[in-house]
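Commentary on secondary and tertiary structure
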Amino acid sequence: MKKMSNIYESAANTLGIFNSPCLTKVELRVACKGISDRDALSKPDPCVILKMQSHGQWFEVDRTEVIRTCINPVFSKLFTVDFYFEEVQRLRFEVHDISSNHNGLKEADFLGGMECTLGQIVSQRKLSKSLLKHGNTAGKSSITVIAEELSGNDDYVELSFSARKLDDKDFFSKSDPFLEIFRVNDDATQQLVHRTEVVMNNLNPAWKTFKVSVNSLCSGDQDRRLKCIVWDWDSNGKHDFIGEFSSTFKEMRGAMEGRQVQWECINPKYKAKKKNYKNSGIVILNQCKIHKMHSFLDYIMGGCQIQFTVAIDFTASNGDPRNSCSLHYIHPYQPNEYLKALVAVGEICQDYDSDKMFPAFGFGARIPPEYKVSHDFAINFNEDNPECAGIQGVVEAYQSCLPKLQLYGPTNIAPIIQKVAKSASEETNTKEASQYFILLILTDGVITDMADTREAIVHASHLPMSVIIVGVGNADFSDMQMLDGDDGILRSPKGEPVLRDIVQFVPFRNFKHASPSALAKSVLAEVPNQVVDYYNGKGIKPKCMSEYESSRTLAP
(Lines give C-alpha, C1' and ligand atoms only; values in the text may rest on other atoms or scores of the structure.)
Protein backbone atom coordinates (compact mmCIF):
# COMPACT_ATOMS: atom_id res chain seq x y z
CA MET A 1 0.00 0.00 0.00
CA LYS A 2 3.01 2.24 0.57
CA LYS A 3 3.61 2.43 -3.19
CA MET A 4 0.05 3.52 -3.80
CA SER A 5 0.26 6.34 -1.25
CA ASN A 6 3.43 7.65 -2.96
CA ILE A 7 1.53 7.84 -6.23
CA TYR A 8 -1.26 9.52 -4.32
CA GLU A 9 1.11 12.14 -2.93
CA SER A 10 2.71 12.85 -6.31
CA ALA A 11 -0.75 13.34 -7.84
CA ALA A 12 -1.65 15.68 -4.98
CA ASN A 13 1.55 17.66 -5.49
CA THR A 14 0.81 18.33 -9.14
CA LEU A 15 -2.59 19.79 -8.28
CA GLY A 16 -1.75 23.47 -8.53
CA ILE A 17 -5.39 24.47 -8.80
CA PHE A 18 -5.66 25.74 -5.22
CA ASN A 19 -3.61 28.75 -6.26
CA SER A 20 -5.83 29.51 -9.26
CA PRO A 21 -6.44 33.27 -9.19
CA CYS A 22 -9.90 34.52 -8.34
CA LEU A 23 -11.92 34.67 -11.51
CA THR A 24 -13.41 37.87 -12.88
CA LYS A 25 -16.78 38.11 -14.53
CA VAL A 26 -17.01 40.15 -17.71
CA GLU A 27 -20.15 41.49 -19.40
CA LEU A 28 -20.07 41.59 -23.20
CA ARG A 29 -22.39 43.82 -25.24
CA VAL A 30 -22.85 43.22 -28.95
CA ALA A 31 -23.88 45.38 -31.89
CA CYS A 32 -23.67 44.79 -35.67
CA LYS A 33 -23.58 47.09 -38.67
CA GLY A 34 -24.57 46.60 -42.29
CA ILE A 35 -25.69 42.99 -42.12
CA SER A 36 -27.46 41.87 -45.27
CA ASP A 37 -29.64 38.91 -45.98
CA ARG A 38 -29.50 36.68 -49.03
CA ASP A 39 -33.16 37.62 -49.41
CA ALA A 40 -32.42 41.18 -50.52
CA LEU A 41 -36.10 42.20 -50.51
CA SER A 42 -36.48 42.03 -46.75
CA LYS A 43 -34.29 43.04 -43.86
CA PRO A 44 -32.95 40.22 -41.65
CA ASP A 45 -34.17 39.32 -38.14
CA PRO A 46 -30.72 38.99 -36.52
CA CYS A 47 -29.66 37.12 -33.40
CA VAL A 48 -26.07 36.66 -32.18
CA ILE A 49 -24.94 33.33 -30.74
CA LEU A 50 -21.85 33.23 -28.53
CA LYS A 51 -19.79 30.03 -28.67
CA MET A 52 -16.74 29.10 -26.64
CA GLN A 53 -14.05 26.61 -27.58
CA SER A 54 -13.33 23.70 -25.27
CA HIS A 55 -10.94 20.88 -26.28
CA GLY A 56 -11.20 21.83 -29.94
CA GLN A 57 -15.01 21.86 -30.02
CA TRP A 58 -17.33 24.86 -30.08
CA PHE A 59 -20.14 24.97 -27.49
CA GLU A 60 -22.98 27.47 -27.39
CA VAL A 61 -22.78 29.63 -24.27
CA ASP A 62 -25.70 31.98 -24.81
CA ARG A 63 -27.59 33.96 -27.43
CA THR A 64 -29.06 37.46 -27.73
CA GLU A 65 -32.67 38.31 -28.37
CA VAL A 66 -33.88 38.43 -31.99
CA ILE A 67 -34.33 41.95 -33.37
CA ARG A 68 -36.90 42.10 -36.14
CA THR A 69 -36.17 43.74 -39.54
CA CYS A 70 -32.89 45.38 -38.70
CA ILE A 71 -29.55 45.74 -40.48
CA ASN A 72 -27.76 47.66 -37.67
CA PRO A 73 -28.89 45.86 -34.51
CA VAL A 74 -27.80 46.93 -31.02
CA PHE A 75 -28.63 43.98 -28.75
CA SER A 76 -30.03 44.54 -25.29
CA LYS A 77 -29.12 41.10 -23.91
CA LEU A 78 -25.67 40.87 -22.31
CA PHE A 79 -23.33 37.90 -22.31
CA THR A 80 -21.76 37.29 -18.89
CA VAL A 81 -18.59 35.18 -19.08
CA ASP A 82 -15.86 34.18 -16.64
CA PHE A 83 -12.47 35.58 -17.51
CA TYR A 84 -9.37 33.57 -16.57
CA PHE A 85 -6.20 35.54 -17.02
CA GLU A 86 -4.11 32.36 -17.25
CA GLU A 87 -6.08 30.74 -20.07
CA VAL A 88 -6.64 31.48 -23.76
CA GLN A 89 -10.42 31.57 -24.09
CA ARG A 90 -11.48 31.38 -27.74
CA LEU A 91 -14.84 32.92 -28.59
CA ARG A 92 -16.95 32.83 -31.72
CA PHE A 93 -19.81 35.23 -32.40
CA GLU A 94 -22.24 33.99 -35.05
CA VAL A 95 -24.96 36.19 -36.55
CA HIS A 96 -28.03 34.29 -37.71
CA ASP A 97 -31.23 35.46 -39.38
CA ILE A 98 -33.98 33.82 -37.34
CA SER A 99 -37.24 33.74 -39.28
CA SER A 100 -40.26 34.66 -37.16
CA ASN A 101 -41.97 31.29 -37.47
CA HIS A 102 -39.00 29.26 -36.27
CA ASN A 103 -36.53 29.95 -33.47
CA GLY A 104 -34.20 27.04 -34.14
CA LEU A 105 -30.98 27.40 -36.11
CA LYS A 106 -31.69 24.64 -38.62
CA GLU A 107 -33.85 26.96 -40.72
CA ALA A 108 -31.96 30.12 -39.87
CA ASP A 109 -29.61 31.79 -42.32
CA PHE A 110 -26.02 32.20 -41.23
CA LEU A 111 -25.12 35.86 -41.89
CA GLY A 112 -21.50 35.84 -40.75
CA GLY A 113 -19.17 35.11 -37.85
CA MET A 114 -16.20 36.53 -35.98
CA GLU A 115 -13.60 34.71 -33.89
CA CYS A 116 -11.35 36.25 -31.26
CA THR A 117 -10.13 35.59 -27.73
CA LEU A 118 -11.72 36.99 -24.60
CA GLY A 119 -8.30 38.47 -23.77
CA GLN A 120 -8.39 40.56 -26.96
CA ILE A 121 -11.80 42.02 -26.11
CA VAL A 122 -10.88 42.66 -22.47
CA SER A 123 -7.57 44.34 -23.32
CA GLN A 124 -9.12 46.57 -26.00
CA ARG A 125 -12.41 47.13 -24.14
CA LYS A 126 -14.06 47.56 -27.55
CA LEU A 127 -13.36 45.24 -30.47
CA SER A 128 -14.80 45.80 -33.97
CA LYS A 129 -14.18 43.29 -36.76
CA SER A 130 -15.65 42.37 -40.12
CA LEU A 131 -18.07 39.47 -40.19
CA LEU A 132 -16.76 36.51 -42.18
CA LYS A 133 -18.84 34.04 -44.14
CA HIS A 134 -17.12 30.86 -45.37
CA GLY A 135 -13.76 32.59 -44.98
CA ASN A 136 -14.70 35.74 -46.93
CA THR A 137 -15.93 39.08 -45.66
CA ALA A 138 -19.73 39.17 -45.65
CA GLY A 139 -20.28 42.43 -47.57
CA LYS A 140 -19.51 45.48 -45.45
CA SER A 141 -20.97 43.90 -42.33
CA SER A 142 -19.15 44.22 -39.01
CA ILE A 143 -19.63 43.33 -35.36
CA THR A 144 -18.59 45.31 -32.29
CA VAL A 145 -18.16 43.75 -28.85
CA ILE A 146 -17.71 45.90 -25.74
CA ALA A 147 -16.35 44.36 -22.53
CA GLU A 148 -16.94 45.55 -19.02
CA GLU A 149 -15.66 43.94 -15.87
CA LEU A 150 -18.24 43.17 -13.22
CA SER A 151 -16.40 44.89 -10.41
CA GLY A 152 -16.86 43.56 -6.85
CA ASN A 153 -20.52 44.50 -6.69
CA ASP A 154 -22.60 42.16 -8.84
CA ASP A 155 -25.98 42.95 -7.25
CA TYR A 156 -29.02 42.94 -9.50
CA VAL A 157 -31.88 45.37 -9.66
CA GLU A 158 -35.40 44.44 -10.73
CA LEU A 159 -37.38 47.21 -12.41
CA SER A 160 -41.02 47.37 -13.43
CA PHE A 161 -42.11 50.24 -15.73
CA SER A 162 -45.47 51.30 -17.13
CA ALA A 163 -46.75 54.46 -18.86
CA ARG A 164 -50.00 56.33 -19.35
CA LYS A 165 -51.44 58.70 -21.94
CA LEU A 166 -48.59 58.29 -24.43
CA ASP A 167 -48.86 60.20 -27.73
CA ASP A 168 -50.62 58.30 -30.49
CA LYS A 169 -48.33 57.93 -33.51
CA ASP A 170 -50.38 55.51 -35.63
CA PHE A 171 -53.25 56.51 -37.96
CA PHE A 172 -55.42 53.42 -37.80
CA SER A 173 -54.54 52.09 -34.36
CA LYS A 174 -52.85 53.22 -31.17
CA SER A 175 -49.06 53.40 -30.68
CA ASP A 176 -47.05 50.21 -30.06
CA PRO A 177 -44.67 51.49 -27.36
CA PHE A 178 -41.37 50.13 -26.08
CA LEU A 179 -38.85 51.71 -23.70
CA GLU A 180 -35.05 51.91 -24.00
CA ILE A 181 -32.75 52.79 -21.10
CA PHE A 182 -29.25 54.11 -21.80
CA ARG A 183 -26.40 54.72 -19.40
CA VAL A 184 -24.51 57.96 -20.09
CA ASN A 185 -20.77 57.22 -19.79
CA ASP A 186 -18.06 59.59 -18.54
CA ASP A 187 -17.13 60.45 -22.14
CA ALA A 188 -20.80 61.34 -22.86
CA THR A 189 -21.32 58.25 -25.07
CA GLN A 190 -24.53 56.32 -24.44
CA GLN A 191 -24.67 52.61 -23.73
CA LEU A 192 -27.91 50.65 -24.14
CA VAL A 193 -28.73 48.96 -20.83
CA HIS A 194 -32.14 47.46 -21.57
CA ARG A 195 -34.85 47.43 -24.22
CA THR A 196 -38.32 46.33 -23.15
CA GLU A 197 -40.68 44.26 -25.24
CA VAL A 198 -43.23 46.03 -27.48
CA VAL A 199 -46.78 46.38 -26.11
CA MET A 200 -49.04 46.49 -29.15
CA ASN A 201 -51.84 49.00 -29.69
CA ASN A 202 -51.76 50.54 -26.21
CA LEU A 203 -51.19 54.10 -24.97
CA ASN A 204 -51.10 52.90 -21.33
CA PRO A 205 -48.61 50.02 -21.52
CA ALA A 206 -47.31 47.95 -18.58
CA TRP A 207 -43.97 46.46 -19.59
CA LYS A 208 -42.66 43.21 -18.16
CA THR A 209 -40.46 43.38 -15.06
CA PHE A 210 -36.78 42.92 -15.93
CA LYS A 211 -33.50 42.38 -14.10
CA VAL A 212 -30.24 44.15 -14.80
CA SER A 213 -26.95 44.25 -12.88
CA VAL A 214 -26.21 47.43 -10.93
CA ASN A 215 -22.86 47.45 -12.69
CA SER A 216 -24.50 47.44 -16.11
CA LEU A 217 -27.11 50.06 -15.14
CA CYS A 218 -24.83 52.70 -13.67
CA SER A 219 -21.28 51.27 -13.27
CA GLY A 220 -21.86 51.33 -9.52
CA ASP A 221 -22.35 55.14 -9.59
CA GLN A 222 -25.83 55.92 -8.32
CA ASP A 223 -25.74 59.51 -9.57
CA ARG A 224 -24.79 58.58 -13.16
CA ARG A 225 -27.28 59.97 -15.68
CA LEU A 226 -29.65 57.49 -17.32
CA LYS A 227 -31.45 58.48 -20.51
CA CYS A 228 -34.79 56.79 -21.18
CA ILE A 229 -36.56 56.91 -24.56
CA VAL A 230 -40.06 55.74 -25.47
CA TRP A 231 -40.58 54.65 -29.09
CA ASP A 232 -43.56 53.61 -31.18
CA TRP A 233 -42.53 50.32 -32.82
CA ASP A 234 -42.86 50.03 -36.59
CA SER A 235 -42.65 46.75 -38.50
CA ASN A 236 -40.27 48.26 -41.09
CA GLY A 237 -37.71 49.00 -38.34
CA LYS A 238 -38.17 52.81 -38.59
CA HIS A 239 -39.57 53.40 -35.11
CA ASP A 240 -41.25 56.73 -34.25
CA PHE A 241 -39.90 58.79 -31.35
CA ILE A 242 -42.54 59.45 -28.66
CA GLY A 243 -40.50 61.15 -25.95
CA GLU A 244 -37.64 60.95 -23.46
CA PHE A 245 -36.63 61.70 -19.87
CA SER A 246 -33.52 61.49 -17.70
CA SER A 247 -33.05 59.88 -14.31
CA THR A 248 -30.46 58.27 -12.01
CA PHE A 249 -30.37 54.97 -10.16
CA LYS A 250 -30.58 57.00 -6.92
CA GLU A 251 -33.89 58.46 -8.10
CA MET A 252 -35.17 55.04 -9.22
CA ARG A 253 -34.49 53.65 -5.75
CA GLY A 254 -37.39 55.85 -4.64
CA ALA A 255 -39.69 53.11 -5.96
CA MET A 256 -38.61 50.68 -3.27
CA GLU A 257 -41.14 50.24 -0.49
CA GLY A 258 -44.35 50.17 -2.50
CA ARG A 259 -43.85 53.77 -3.73
CA GLN A 260 -43.84 54.91 -7.35
CA VAL A 261 -41.56 57.28 -9.23
CA GLN A 262 -42.95 59.19 -12.23
CA TRP A 263 -41.42 61.16 -15.10
CA GLU A 264 -42.93 63.32 -17.79
CA CYS A 265 -42.04 61.94 -21.19
CA ILE A 266 -40.95 64.93 -23.30
CA ASN A 267 -40.60 65.39 -27.06
CA PRO A 268 -38.16 68.37 -27.33
CA LYS A 269 -39.41 69.32 -30.84
CA TYR A 270 -43.01 69.58 -29.64
CA LYS A 271 -41.90 71.47 -26.54
CA ALA A 272 -40.09 74.07 -28.67
CA LYS A 273 -42.93 74.47 -31.19
CA LYS A 274 -46.16 74.07 -29.24
CA LYS A 275 -47.19 76.71 -26.71
CA ASN A 276 -49.56 74.55 -24.64
CA TYR A 277 -47.40 71.41 -24.81
CA LYS A 278 -47.27 69.60 -21.47
CA ASN A 279 -45.80 66.20 -22.25
CA SER A 280 -46.10 63.15 -24.49
CA GLY A 281 -47.22 60.93 -21.61
CA ILE A 282 -46.11 59.85 -18.15
CA VAL A 283 -43.70 56.97 -17.47
CA ILE A 284 -44.03 55.26 -14.08
CA LEU A 285 -41.56 53.06 -12.23
CA ASN A 286 -43.80 50.79 -10.14
CA GLN A 287 -41.09 48.88 -8.35
CA CYS A 288 -37.35 48.83 -7.84
CA LYS A 289 -36.03 45.78 -5.96
CA ILE A 290 -32.35 45.23 -5.26
CA HIS A 291 -31.16 41.61 -5.17
CA LYS A 292 -27.93 41.01 -3.34
CA MET A 293 -25.89 38.52 -5.38
CA HIS A 294 -23.74 36.32 -3.19
CA SER A 295 -20.56 34.75 -4.54
CA PHE A 296 -19.28 31.18 -4.24
CA LEU A 297 -16.82 32.40 -1.60
CA ASP A 298 -19.64 34.04 0.37
CA TYR A 299 -21.40 30.66 0.62
CA ILE A 300 -18.27 28.64 1.40
CA MET A 301 -17.06 31.15 3.98
CA GLY A 302 -20.58 31.31 5.37
CA GLY A 303 -20.30 27.62 6.28
CA CYS A 304 -21.68 25.76 3.23
CA GLN A 305 -20.13 22.28 3.02
CA ILE A 306 -19.54 20.44 -0.26
CA GLN A 307 -20.75 16.84 0.17
CA PHE A 308 -18.74 14.75 -2.28
CA THR A 309 -19.97 11.29 -3.41
CA VAL A 310 -18.19 8.92 -5.82
CA ALA A 311 -19.77 6.28 -8.05
CA ILE A 312 -17.59 3.81 -9.98
CA ASP A 313 -18.53 1.73 -13.01
CA PHE A 314 -17.92 -2.02 -12.46
CA THR A 315 -19.51 -3.31 -15.68
CA ALA A 316 -17.91 -6.15 -17.65
CA SER A 317 -16.92 -3.85 -20.53
CA ASN A 318 -14.05 -2.58 -18.33
CA GLY A 319 -12.29 -5.94 -18.78
CA ASP A 320 -11.18 -8.51 -16.19
CA PRO A 321 -9.30 -6.57 -13.43
CA ARG A 322 -6.63 -9.36 -13.35
CA ASN A 323 -5.74 -8.60 -16.96
CA SER A 324 -3.30 -5.72 -17.56
CA CYS A 325 -5.50 -4.44 -20.44
CA SER A 326 -8.42 -3.89 -18.04
CA LEU A 327 -9.38 -0.33 -17.11
CA HIS A 328 -9.64 -1.66 -13.52
CA TYR A 329 -6.20 -3.31 -13.52
CA ILE A 330 -4.33 -2.50 -10.30
CA HIS A 331 -0.78 -1.82 -11.36
CA PRO A 332 1.73 -1.98 -8.50
CA TYR A 333 3.38 1.31 -9.44
CA GLN A 334 0.92 3.53 -11.28
CA PRO A 335 -2.76 4.29 -10.75
CA ASN A 336 -5.29 3.34 -13.44
CA GLU A 337 -7.52 5.97 -15.07
CA TYR A 338 -10.28 5.46 -12.50
CA LEU A 339 -7.89 6.23 -9.66
CA LYS A 340 -6.29 9.17 -11.45
CA ALA A 341 -9.66 10.82 -12.09
CA LEU A 342 -10.88 10.08 -8.57
CA VAL A 343 -7.78 11.57 -6.92
CA ALA A 344 -7.64 14.63 -9.19
CA VAL A 345 -11.24 15.68 -8.57
CA GLY A 346 -11.56 14.38 -4.99
CA GLU A 347 -8.45 16.23 -3.79
CA ILE A 348 -10.10 19.55 -4.50
CA CYS A 349 -13.57 18.71 -3.22
CA GLN A 350 -12.20 17.42 0.08
CA ASP A 351 -10.94 20.91 0.92
CA TYR A 352 -14.54 22.11 1.14
CA ASP A 353 -15.82 19.23 3.29
CA SER A 354 -15.13 19.47 7.03
CA ASP A 355 -15.60 15.81 8.03
CA LYS A 356 -13.62 14.47 5.01
CA MET A 357 -15.90 11.40 4.91
CA PHE A 358 -16.99 10.41 1.41
CA PRO A 359 -19.76 7.96 0.48
CA ALA A 360 -18.46 5.73 -2.35
CA PHE A 361 -20.65 3.46 -4.47
CA GLY A 362 -20.29 1.03 -7.33
CA PHE A 363 -22.71 0.07 -10.08
CA GLY A 364 -23.08 -2.66 -12.72
CA ALA A 365 -21.54 -5.57 -10.76
CA ARG A 366 -22.77 -8.75 -9.06
CA ILE A 367 -21.95 -8.38 -5.39
CA PRO A 368 -21.45 -10.91 -2.58
CA PRO A 369 -22.90 -12.80 -0.85
CA GLU A 370 -25.75 -13.58 -3.33
CA TYR A 371 -24.06 -12.16 -6.41
CA LYS A 372 -27.08 -10.19 -7.56
CA VAL A 373 -26.52 -7.20 -9.85
CA SER A 374 -26.56 -3.87 -8.02
CA HIS A 375 -26.46 -0.31 -9.36
CA ASP A 376 -25.78 1.48 -6.09
CA PHE A 377 -23.78 -0.70 -3.68
CA ALA A 378 -21.35 0.66 -1.09
CA ILE A 379 -17.81 -0.27 -2.13
CA ASN A 380 -16.92 -0.86 1.54
CA PHE A 381 -19.90 -3.31 1.59
CA ASN A 382 -21.38 -1.41 4.56
CA GLU A 383 -24.78 -0.25 3.28
CA ASP A 384 -25.57 1.50 6.60
CA ASN A 385 -22.40 3.58 6.40
CA PRO A 386 -20.96 3.80 2.88
CA GLU A 387 -18.55 6.59 3.89
CA CYS A 388 -14.78 6.26 3.49
CA ALA A 389 -12.22 8.33 5.38
CA GLY A 390 -10.79 10.84 2.92
CA ILE A 391 -9.95 10.22 -0.73
CA GLN A 392 -7.29 7.77 0.52
CA GLY A 393 -10.10 5.75 2.16
CA VAL A 394 -12.00 5.63 -1.14
CA VAL A 395 -8.85 4.44 -2.95
CA GLU A 396 -8.36 1.64 -0.38
CA ALA A 397 -12.03 0.56 -0.45
CA TYR A 398 -11.90 0.46 -4.27
CA GLN A 399 -8.81 -1.74 -4.28
CA SER A 400 -10.09 -4.16 -1.67
CA CYS A 401 -13.58 -4.58 -3.22
CA LEU A 402 -12.37 -5.33 -6.79
CA PRO A 403 -11.37 -9.00 -6.23
CA LYS A 404 -14.75 -9.71 -4.55
CA LEU A 405 -16.95 -8.46 -7.41
CA GLN A 406 -18.17 -10.03 -10.61
CA LEU A 407 -18.10 -7.33 -13.28
CA TYR A 408 -21.43 -7.45 -15.08
CA GLY A 409 -23.93 -4.90 -16.49
CA PRO A 410 -25.88 -3.02 -17.76
CA THR A 411 -24.54 0.56 -17.24
CA ASN A 412 -27.37 2.20 -15.31
CA ILE A 413 -26.58 5.52 -13.57
CA ALA A 414 -30.10 6.77 -12.76
CA PRO A 415 -30.24 4.79 -9.44
CA ILE A 416 -27.10 6.47 -8.06
CA ILE A 417 -28.25 9.95 -9.18
CA GLN A 418 -31.58 9.27 -7.41
CA LYS A 419 -29.75 8.11 -4.27
CA VAL A 420 -27.75 11.37 -3.96
CA ALA A 421 -30.83 13.40 -4.96
CA LYS A 422 -32.65 11.89 -1.97
CA SER A 423 -30.02 13.30 0.40
CA ALA A 424 -30.05 16.65 -1.44
CA SER A 425 -33.84 16.71 -1.22
CA GLU A 426 -33.70 16.27 2.57
CA GLU A 427 -31.23 19.16 2.69
CA THR A 428 -33.74 21.51 1.00
CA ASN A 429 -35.97 21.27 4.10
CA THR A 430 -33.40 23.29 6.09
CA LYS A 431 -33.89 26.32 3.76
CA GLU A 432 -30.23 27.09 4.48
CA ALA A 433 -27.04 27.05 2.42
CA SER A 434 -25.42 24.35 4.55
CA GLN A 435 -24.79 21.38 2.22
CA TYR A 436 -24.31 21.19 -1.56
CA PHE A 437 -23.88 17.74 -3.12
CA ILE A 438 -21.44 16.79 -5.88
CA LEU A 439 -21.72 13.34 -7.44
CA LEU A 440 -18.67 12.18 -9.39
CA ILE A 441 -19.53 9.30 -11.74
CA LEU A 442 -16.61 7.43 -13.32
CA THR A 443 -17.76 5.26 -16.22
CA ASP A 444 -16.21 3.47 -19.19
CA GLY A 445 -19.12 3.47 -21.54
CA VAL A 446 -22.39 4.51 -22.94
CA ILE A 447 -25.17 4.38 -20.39
CA THR A 448 -28.08 2.02 -20.99
CA ASP A 449 -30.81 3.82 -19.01
CA MET A 450 -30.69 7.16 -20.87
CA ALA A 451 -34.42 7.92 -20.42
CA ASP A 452 -34.33 7.29 -16.65
CA THR A 453 -31.07 9.24 -16.37
CA ARG A 454 -32.54 12.26 -18.13
CA GLU A 455 -35.55 12.09 -15.82
CA ALA A 456 -33.27 11.87 -12.76
CA ILE A 457 -31.14 14.84 -13.90
CA VAL A 458 -34.18 17.05 -14.56
CA HIS A 459 -35.43 16.23 -11.04
CA ALA A 460 -31.97 16.87 -9.54
CA SER A 461 -31.68 20.26 -11.27
CA HIS A 462 -34.18 21.57 -8.67
CA LEU A 463 -31.93 20.42 -5.80
CA PRO A 464 -28.60 21.59 -4.31
CA MET A 465 -26.50 19.16 -6.36
CA SER A 466 -24.24 18.86 -9.41
CA VAL A 467 -23.22 15.77 -11.38
CA ILE A 468 -19.74 15.34 -12.86
CA ILE A 469 -19.25 12.44 -15.27
CA VAL A 470 -15.75 11.40 -16.30
CA GLY A 471 -15.61 8.99 -19.24
CA VAL A 472 -12.74 6.51 -18.80
CA GLY A 473 -11.30 4.51 -21.72
CA ASN A 474 -11.87 4.88 -25.44
CA ALA A 475 -15.61 4.30 -25.90
CA ASP A 476 -17.82 6.53 -28.04
CA PHE A 477 -19.14 9.08 -25.55
CA SER A 478 -21.28 11.13 -27.95
CA ASP A 479 -24.48 10.28 -26.02
CA MET A 480 -22.90 11.62 -22.86
CA GLN A 481 -22.38 15.05 -24.41
CA MET A 482 -26.16 15.27 -24.62
CA LEU A 483 -26.46 15.12 -20.82
CA ASP A 484 -24.12 18.09 -20.51
CA GLY A 485 -26.58 20.83 -21.46
CA ASP A 486 -23.89 23.04 -23.03
CA ASP A 487 -25.08 22.49 -26.59
CA GLY A 488 -28.81 22.76 -26.00
CA ILE A 489 -31.29 22.24 -23.18
CA LEU A 490 -31.58 18.76 -21.70
CA ARG A 491 -35.17 17.57 -21.30
CA SER A 492 -36.77 14.62 -19.57
CA PRO A 493 -38.54 12.02 -21.78
CA LYS A 494 -41.79 13.88 -20.97
CA GLY A 495 -40.30 17.12 -22.33
CA GLU A 496 -39.66 18.90 -19.01
CA PRO A 497 -36.49 21.03 -19.31
CA VAL A 498 -33.73 21.12 -16.67
CA LEU A 499 -34.10 24.09 -14.34
CA ARG A 500 -30.33 24.70 -14.53
CA ASP A 501 -27.40 22.97 -16.19
CA ILE A 502 -25.97 20.67 -13.48
CA VAL A 503 -24.07 18.07 -15.52
CA GLN A 504 -20.46 18.38 -16.62
CA PHE A 505 -19.11 15.58 -18.83
CA VAL A 506 -15.41 15.16 -19.65
CA PRO A 507 -13.65 12.28 -21.45
CA PHE A 508 -10.52 11.35 -19.47
CA ARG A 509 -8.61 10.68 -22.70
CA ASN A 510 -8.54 14.44 -23.40
CA PHE A 511 -6.36 14.77 -20.28
CA LYS A 512 -4.27 11.60 -20.52
CA HIS A 513 -1.05 13.55 -20.97
CA ALA A 514 -2.03 16.59 -18.93
CA SER A 515 -1.49 17.19 -15.22
CA PRO A 516 -4.24 16.05 -12.80
CA SER A 517 -4.94 19.72 -12.11
CA ALA A 518 -5.97 20.24 -15.76
CA LEU A 519 -8.63 17.52 -15.45
CA ALA A 520 -9.81 18.85 -12.09
CA LYS A 521 -9.95 22.39 -13.44
CA SER A 522 -12.05 21.30 -16.39
CA VAL A 523 -14.60 19.25 -14.46
CA LEU A 524 -14.91 21.60 -11.51
CA ALA A 525 -14.93 24.86 -13.50
CA GLU A 526 -18.72 25.09 -13.54
CA VAL A 527 -19.34 24.08 -9.93
CA PRO A 528 -18.93 27.51 -8.27
CA ASN A 529 -21.47 29.02 -10.66
CA GLN A 530 -23.84 26.07 -10.16
CA VAL A 531 -23.70 26.56 -6.37
CA VAL A 532 -24.32 30.30 -6.70
CA ASP A 533 -27.13 29.86 -9.27
CA TYR A 534 -28.92 27.38 -7.03
CA TYR A 535 -28.87 29.43 -3.82
CA ASN A 536 -29.33 32.85 -5.44
CA GLY A 537 -32.18 31.45 -7.54
CA LYS A 538 -33.91 30.24 -4.36
CA GLY A 539 -33.17 33.53 -2.57
CA ILE A 540 -31.10 31.68 0.07
CA LYS A 541 -28.42 33.82 1.70
CA PRO A 542 -25.10 32.49 3.06
CA LYS A 543 -25.60 31.09 6.58
CA CYS A 544 -23.49 33.68 8.32
CA MET A 545 -22.11 36.84 6.82
CA SER A 546 -18.38 36.28 6.52
CA GLU A 547 -15.82 39.04 7.02
CA TYR A 548 -14.96 38.56 3.35
CA GLU A 549 -18.51 39.35 2.31
CA SER A 550 -19.04 42.33 4.60
CA SER A 551 -15.86 43.87 3.23
CA ARG A 552 -17.21 43.85 -0.33
CA THR A 553 -20.77 45.03 0.28
CA LEU A 554 -21.82 48.24 -1.43
CA ALA A 555 -23.33 50.63 1.10
CA PRO A 556 -26.80 51.84 0.08
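Heads up: these notes are all about the structure in this document. Predicted model, so just to flag it, every value in this text is computed and none were measured. (Residues numbered from 1 in each chain as written. Predicted model: local features only at pLDDT ≥ 70, side-chain atom pairs only at ≥ 80, totals over all residues. Heavy atoms only, no water.)

For the rest of this paragraph, the subject is the sheet that holds strand 15 (residues 261–264). Ordered by their spatial adjacency, four strands build an open sheet running 12-9-16-15, and the pairing between neighbours is antiparallel. Taken across any chain shown, the strands that pair with only one partner, and hence form the sheet edges, are strand 12 (210–213) and strand 15. Put simply, the sheet's adjacent strands are angled 35 degrees from each other on average, direction ignored. Where strand 9 (residues 156–164) meets strand 12, four bridges bridge the pair, whose relative direction is antiparallel. Within the sheet, the bridge partner assigned to Y156 lies in strand 12 and is S213. (Pairing = 2+ DSSP bridges. Helix = DSSP H or I, 4+ residues; strand = E, 2+ residues; numbered from the N terminus. Axes fitted to C-alpha atoms, helices over the stretch in contact; angles between N-to-C directions.)

Turning to the nonpolar core, a few remarks are in order. Side chains of a nonpolar character, in soluble globular proteins, are inclined to be buried together. F308, F314, I379, L442 and Y535 are the most contacted members of the largest nonpolar core, which has 55 residues in total. The element that contributes the greatest number of residues to this core is helix 7 (residues 337–349), accounting for nine residues. When near neighbours in sequence (up to four residues on either side) are disregarded, L442 contacts V310, A311, I312, D313, Y338, A341, L342, F363 and V470. Within the second largest apolar cluster, 31 residues are counted, among which are A311, I413, A456 and A460. (Core = buried A, V, L, I, M, F, W, Y, C linked by side-chain atoms within 4.5 Å. Buried < 20%, exposed > 50% of the residue type's maximum accessible area, 1.4 Å probe, protein only. Contact = heavy atoms within 4.5 Å.)

With five of five residues buried, strand 26 (residues 503–507) lies mostly within the body of the structure. The two faces of strand 26 match: V503, F505 and P507 on one face and Q504 and V506 on the other face are all buried. Bridging between strand 25 (residues 465–471) and strand 26 involves five bridges; their strand directions are parallel. For V467, the partnering residue across the bridge sits in strand 26 and is V503.

Attention shifts here to the sheet that holds strand 19 (residues 365–367). If you walk across this open sheet you meet the three strands as 20-19-23, and the pairing is antiparallel. The open sheet has two free edges, formed respectively by strand 20 (372–374) and strand 23 (406–407), since each of these has just one partner strand. With three bridges connecting them, strand 19 and strand 20 associate as antiparallel partners. Each residue of the ladder has a partner; that of R366, found in strand 20, is V373.

Tracing the backbone shows S515 in the loop between strand 26 and helix 12 (516–524). Since its relative accessible area comes to 30%, S515 is described here as partly exposed.

We now examine the pattern of salt bridges. Within the structure shown, the criterion is met by 16 salt bridges. We note a salt bridge from R195 to E65, for which the minimum N-O separation is 3.5 Å. One end of the pair, R195, is in strand 11 (residues 190–195); the other, E65, is in the loop between strand 3 (57–63) and strand 4 (79–83), with 130 residues separating them in the sequence. Exposure remark for E65: the relative accessible area of 25% places this residue in the partly exposed category. (Salt bridge = Lys/Arg side-chain N within 4 Å of Asp/Glu carboxyl O.)

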